[in-house]
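# Structural features, examined
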Amino acid sequence: MKNSIKVFRAKANITQEQLAVALGVYRQTIIAIEKSKYVPSLTLAFKIARHFNVNVEEIFECEEADLK
Amino acid sequence: MKQNSFYILIGIVVTALVGVFWLSLQWNNSVPIQIGFIIGVITLYMARGRITGIIDDERSVAISQKAALRTLEVFWVVFFTFSLGIIVWTSSRFFGLEGTSTLRFIREHNPPGMGMDKPFFFNPGFIQLLLLCMTIFLYVGFKFYYERKYGGEDADEE
């Protein structure tokens, strides 16, 4: 699952650590999500979207391979 | 309760349990250490719930769950195999199959130098403790594996 957290983070000018603190997770989790090595839960995905004031679909993009 | 206070409490409980274990050996009574261990675990479990400042990170929880499940799968197979061996060793006479047990010879003849009279050799309790220690190493190993799989590297800020 692709995501554009890094882009939104850059736009908002916040670090991984700051985002992690805001979401109540470890920085490693943000790193893993950004690198698409970990798919967050729906709750965390909505938290991320809400943090950047956008819809979930604007941050996370589901690929065909994810649906198989 | 702070995390450091919890670690101090672990040290106190473990020290107390070592003392109770020693007393159990002296009294030749297993009940004090068994009850003491359960009380110690319950104490630590309740204290853990009072620790403040812990981040409830879903990725860490997911990794712990996966590692625990894999550890349980491996442990179950090893422990079941060990238990089967003990059942055959101790119960072959009961089932009327004494002649099939290869360990019967060792048990009855007790060849000199095999140390059957020493507490470590073929003592089910010690072997079970060893297997339990093995689960700790297995769990840590699986945790490392899933940490790497789910991108746990502490990379620099990009």
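It should be noted that the structure appears before, not after, this text.
Here's what I pulled together on the structure shown here. (Residues numbered from 1 in each chain as written. Chains lettered and ligands numbered in written order. Predicted model: local features only at pLDDT ≥ 70, side-chain atom pairs only at ≥ 80, totals over all residues. Heavy atoms only, no water.)

### What to know about the pattern of salt bridges
Using the criterion set out here, one finds three salt bridges over all chains in the structure. Residue E34 of chain A pairs with R9 of chain A through a salt bridge whose shortest N-O separation is 2.6 Å. In this pair, E34 of chain A is assigned in helix α3 (residues 27–34) and R9 of chain A in helix α1 (residues 5–12), connecting sequence segments 25 residues apart. Here E34 of chain A falls in the buried class, since its relative accessible area comes to 13%. Across the pair E73 of chain B and R70 of chain B runs a salt bridge, and its minimum N-O distance is 3.1 Å. Placement of the pair is E73 of chain B and R70 of chain B together in helix α3 (residues 58–91), with a separation of three residues, close to one helical turn. Judged by relative accessible area, which is 41%, E73 of chain B ranks as partly exposed. (Salt bridge = Lys/Arg side-chain N within 4 Å of Asp/Glu carboxyl O. Helix = DSSP H or I, 4+ residues; strand = E, 2+ residues; numbered from the N terminus. Buried < 20%, exposed > 50% of the residue type's maximum accessible area, 1.4 Å probe, protein only.)

### Some thoughts on unusual backbone geometry
A positive phi angle, close to 60°, is found at S36 of chain A, a residue other than glycine. The topology assignment puts S36 of chain A in the loop between α3 and α4 (42–51). The exposure class assigned to S36 of chain A is partly exposed, which follows from its relative accessible area of 39%. In this structure, N28 of chain B is a non-glycine residue whose phi angle is positive, near 55°. Note that N28 of chain B resides in the loop between α1 (3–27) and α2 (31–48).

### Here we look at the side chain of T135 of chain B
Residues and elements named next belong to chain B. Counting through the fold element by element, T135 comes out in helix α5 (residues 124–149). The exposure class of T135 is buried, given its relative accessible area of 15%. If we skip the residues at most four places from it in the chain, T135 touches T71 and F75. (Contact = heavy atoms within 4.5 Å.)

### What to know about α1 of chain B
Every α-helix winds through 3.6 residues per turn, so residues three or four apart in the chain are directed the same way. Residue and element names in this part refer to chain B. Compared with an ideal rise of 1.5 Å per residue, which puts 25 residues at 36 Å, α1 spans 36 Å between its outermost C-alpha atoms and is within 8% of the ideal. Those residues of α1 lying buried are F6, V13, L17 and S24. Residues of α1 that are buried sit in contact with α2. (Expected span 1.5 Å × (residues − 1).)

### Overview of the interface of chain B and chain A
Quite often, the size of an interface is put as the accessible area lost when its parts meet. Every contact between the two is made by 18 residues of chain B and, on the other side, 19 residues of chain A. Taken together, the two surfaces of chain B and chain A that pack against each other cover about 1,600 Å², and 42% of this comes from carbon and sulfur. On the surface where chain B and chain A come into contact, there are zero salt bridges. Counting every contact that joins chain B to chain A gives four residue pairs in polar contact (both at pLDDT 80 or more). Secondary structure elements with two or more residues in the side of chain B that touches chain A: α3 and α5 of chain B. (Buried area = accessible area lost by both parts, 1.4 Å probe. Polar contact = N/O pair within 3.5 Å; in protein donor to acceptor, adjacent residues only side chain to side chain.)

### Thoughts on the environment of Q16 of chain A
Residue and element names in this part refer to chain A. Looking at where Q16 falls in the secondary structure, it is placed in helix α2 (residues 16–23). For Q16, a relative accessible area of 2% puts it in the buried group. Through-space distance from the C-alpha of Q16 to that of E34 is 9.5 Å; in sequence the pair is 18 residues apart.

All we've got here are geometric facts, nothing functional implied.
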